[in-house]
Amino acid sequence: MNHRIAIQAQELCFSYENEPVLKDISFSIGAGELVALIGPNGSGKTTLLRILLGQLRPSAGEVLLDNRRLQTYAPKQLAKTISYVSQQTGLNFPLTAFELVSLGRFPHASRFSFSSADSLAVQRALGATHALHLSERNFTRLSGGEQQKVLIARALAQSASILLLDEPTVHLDLYHQLQILSALKRQCVEQQTTILSVLHDVNLISLFADKALLLGSGQLRGCGPVAEVITATNIKELLGVDMKAAEDPETGLRFFIPRDPFRSRVDRT
Ligand code: ADP
């Protein structure tokens, strides 16, 4: 892993109709890192991602991508630098999975042709998310989890150096969550892609992420290596959930068992 900075947020502030949502957010993410963004519902995670993408303008502060101010990027240059997978809801693209992933090539393809290199990039992206077998299927008839894999493939086909993901594994069962997070990790290590992803599962964050950003009520509550910031104390403060932390003797990684905050355990004796 090198020390080139890929994403820099400097004192970002944002409000929706005078309602402050993000307050003085500063952090930097190195090239090739997989960083988890964690925080309760409504804490400003999606808003922060949309600012980093240039979809929302901060009321104060600055975003730098690859050490260059976000506002100085032309749209096509920006699309070659950063890609995004939003929380999908009600998408209705009447396309095959292959055609949909091909849309990710638009910053690279010339106006008149879709080259064999573009086609190869689409196949590689579908292969990376274990979705090649879905290529000819109609996207609208895929399950939520299958659609999620195809949408991640579309973002990978864009070949941007930075990838932002908003809850990329929400529709996937545990096996496929591990499959996709492992593929994303490989993308960071092998291609030096920088990934910032909203993730809610602290055990998956422990397994896959290099660093974590903790966002609570629009403020950064922690930022650093997972082993330092994903602790039972911080999770209790951030999410209001008691966690029992333990160490996996095989990997040395910390894992967590949540305590039921509603005390709904039924005594069956
Ligand atoms: P998260 O992704 O952490 O759940 P969001 O960034 O979606 O949080 O939302 C942060 C806060 O901003 C929430 O209180 C939400 O209701 C509010 N919000 C989000 N989008 C809008 C909008 N378009 N207009 C007004 N308020 C919004």
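Every value quoted in this text rests on a predicted model; they were computed, and no experiment measured them.

As for the sheet that holds strand β1 (residues 5–16)
- Taken in spatial order, the four strands make up an open sheet running β2-β1-β4-β5, and their pairing is antiparallel. Edge strands, defined here as strands with exactly one partner in the open sheet, are β2 (19–30) and β5 (68–69).
- Two strands pair when backbone bridges link them, and strand β4 (residues 60–65) and β5 are joined in this way by two bridges, in the antiparallel orientation. Along β5, the bridge assignment pairs Leu 65 with Arg 68.
- Against the sheet, helix α1 (residues 45–52) makes contact with β1, β2 and β4, and its axis sits at roughly 60° relative to β2, the strand it touches most.

With respect to the packing of helix α4 (residues 116–128) against helix α5 (residues 144–157)
- Orientation of α4 relative to α5, taken along the N-to-C sense of each, is 135°, at an axis distance of 8 Å. Considering their axes alone, α4 and α5 lie oblique with respect to each other. For the crossing formed where α4 meets α5, the hand is right-handed. Of the residues in α5, those in contact with Ala 121, Val 122, Ala 125, Leu 126 and Ala 128 of α4 are Ala 153, Leu 156 and Ala 157.
- A breakdown of the residues in the contact of α4 with α5 according to their chemical character gives eight nonpolar, no polar and no charged.

Describing the environment of Phe 106
- With respect to the element layout, Phe 106 can be found in the loop between α3 (97–102) and α4.
- When the C-alpha positions of Phe 106 and Lys 76 are compared, they lie 8.6 Å apart, and in sequence the two are 30 residues distant.
- Apart from the residues lying within four places of it in its own chain, the contact partners of Phe 106 are Lys 76 and Ala 79.

Here's the deal with the site of the ligand
- Surrounding the ligand, one finds Tyr 16, Val 21, Pro 40, Asn 41, Gly 42, Ser 43, Gly 44, Lys 45, Thr 46 and Thr 47.
- Residue Gly 42 places a main-chain N or O atom 2.7 Å away from an oxygen atom belonging to the ligand.
- Between an oxygen atom of the ligand and a main-chain N or O atom of Gly 44, the distance comes to 3.0 Å.
- Calculation on the ligand without its partners gives an accessible area of 560 Å², and the protein chains cover 55% of this total.
- With three residues, the top contributor of residues to the shell around the ligand is α1.
- In the shell around the ligand, the residues fall into three nonpolar, six polar and one charged.

Some points on the sheet that holds strand β3 (residues 34–38)
- The strand order β6-β7-β8-β3-β9-β10 describes an open sheet built from six strands, whose pairing is mixed. The open sheet has two free edges, formed respectively by β6 (82–85) and β10 (219–225), since each of these has just one partner strand. Each strand of the sheet is rotated relative to its neighbour by a mean of 15°, with strand direction disregarded.
- Taken strand by strand, α1 contacts β3, β6, β7 (162–166), β8 (194–198) and β9 (211–216), and its axis lies near 155° from that of β7.
- Docked against the sheet, α5 engages β6 and β7, running at close to 175° with respect to β6.

What counts and how
- Residues numbered from 1 in each chain as written.
- Predicted model: local features only at pLDDT ≥ 70, side-chain atom pairs only at ≥ 80, totals over all residues.
- Heavy atoms only, no water.
- Pairing = 2+ DSSP bridges.
- Helix = DSSP H or I, 4+ residues; strand = E, 2+ residues; numbered from the N terminus.
- Contact = heavy atoms within 4.5 Å.
- Axes fitted to C-alpha atoms, helices over the stretch in contact; angles between N-to-C directions.
- Parallel < 35°, antiparallel > 145°, perpendicular 65-115°, else oblique.
- Left-handed = near helix turned anticlockwise from the far one by under 90°.
- Nonpolar A, V, L, I, M, F, W, Y, C, P; charged D, E, K, R; others polar.
- Near = heavy atom within 4 Å.
- Polar contact = N/O pair within 3.5 Å; in protein donor to acceptor, adjacent residues only side chain to side chain.
- Areas by Shrake-Rupley, 256 points an atom, 1.4 Å probe, with all protein chains shown as cover.

These figures capture arrangement, not role.
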